[in-house]
Amino acid sequence: MELPGDPAPEGSSAEDGRGGSATPDRGGDMTLMLVLKCLSDQTGDSAEEIAEAGYVEGDDRDYVEAVNRLESYFDCTLDLLGADGRRIVVEDVVARIPAGSGALAGRLG
């Protein structure tokens with residue numbers, strides 16, 4: 001999934017339509033797609049809508065349920081429940097997910 005306004009990844013190529021080598025970072029792409037799917041499943045918004053906005057907002061209950069679902073997907077603690085506000089920023093969530101989280105280390109491939 002390519003997000004609107006995302007810069008082409010370093011090292012991408014004309015072969016894959018982004019310029020550079022044809023092997024972009026699939027781990028980051030997978031993480032982003034899973035975050036968008038998780039938030040979409042929780043909110044009912046489409047992944048494309050969430051990607052375009054870059055965040056989702058909800059009341060306290062929706063926020064806690066979305067954070068719990070994200071933590072369950074990735075088998076990790078994101079430390080978002082104590083944060084101020086009830087906005088989940090996709091980019092921030094992706095950055096918090098450790099490369100070795102359960103969902104990405106061995107479960108998917």
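Described below are features of the structure shown in this document. Residues take numbers from 1 onward in each chain, read along the sequence in its written order. The predicted origin of the model limits local features to residues at a pLDDT of at least 70 and limits the giving and counting of side-chain atom pairs to 80 or more, whereas totals for whole chains, interfaces and linings rest on all residues. Side-chain measures were taken over the full set of non-hydrogen atoms in the model, leaving aside hydrogen atoms and water.

This paragraph deals with unusual backbone geometry. In this model, Asp75 sits at a positive phi of 50 degrees, which is unusual for a non-glycine residue. Secondary structure is summarised from DSSP: a helix means a run of H or I of at least four residues, a strand means a run of E of at least two, and numbering begins at the N terminus for each. Tracing the backbone shows Asp75 in the loop between helix 3 (60–74) and strand 2 (87–89). Residue class for Asp75 comes out partly exposed when judged on its relative accessible area of 45%. A positive phi is found at Asp79, a non-glycine position, where the angle reads about 55 degrees. Along the chain, the position of Asp79 falls in the loop between helix 3 and strand 2. Throughout, exposure labels follow a simple rule: accessible area from a 1.4 Å probe, protein chains only, divided by the maximum for the residue type, with under 20% read as buried, over 50% as exposed, and the rest as partly exposed.

Moving on: the packing of aromatic side chains. Classification of ring pairs rests on two measures: the distance between centres of Phe, Tyr or Trp rings, Trp counted by its six-membered ring, which must be within 6.5 Å, and the angle between planes, read as stacked under 30 degrees, edge-to-face over 60 and tilted in between. Under the defined criterion, the tally for this structure stands at 1 aromatic pair. Note on Tyr73 and Phe74: the rings are 6.5 Å apart at their centroids and 45 degrees apart in plane angle, and the pair reads as tilted. By relative accessible area, which is 25% here, Tyr73 ends up partly exposed. A positively charged side chain is recorded as over a ring if its NZ (Lys) or CZ (Arg) lies within 6 Å of the ring centre. The angle to the ring normal must also be within 35 degrees. One cation-aromatic arrangement involves Arg87 over Tyr55; the distance from NZ or CZ to the ring centre is 3.8 Å.

Take Ile97: it is sitting in the segment after helix 4 (90–96). The buried category is assigned to Ile97, whose relative accessible area is 9%. With 69 residues separating them along the chain, Ile97 and Gly28 place their C-alpha atoms 10.0 Å apart.

Looking now at the nonpolar core. The term nonpolar core refers to a set of buried residues drawn from Ala, Val, Leu, Ile, Met, Phe, Trp, Tyr and Cys, joined through side-chain atoms within 4.5 Å. In this structure, Val35, Leu39, Leu70, Ile88 and Val93 are the most contacted members of the largest nonpolar core, which totals 22 residues. At the level of secondary structure, the elements contributing two or more residues to this core comprise helix 1 (26–43), helix 2 (47–53), helix 3 and helix 4. Among the elements that line this core, the one with the most residues is helix 1, at 6 residues. Look past the residues within four positions of Val35 in its chain and what remains in contact with it is Leu70, Phe74, Val90, Val93, Val94 and Ile97. The contact criterion used is simple: two residues touch if any of their non-hydrogen atoms lie within 4.5 Å.

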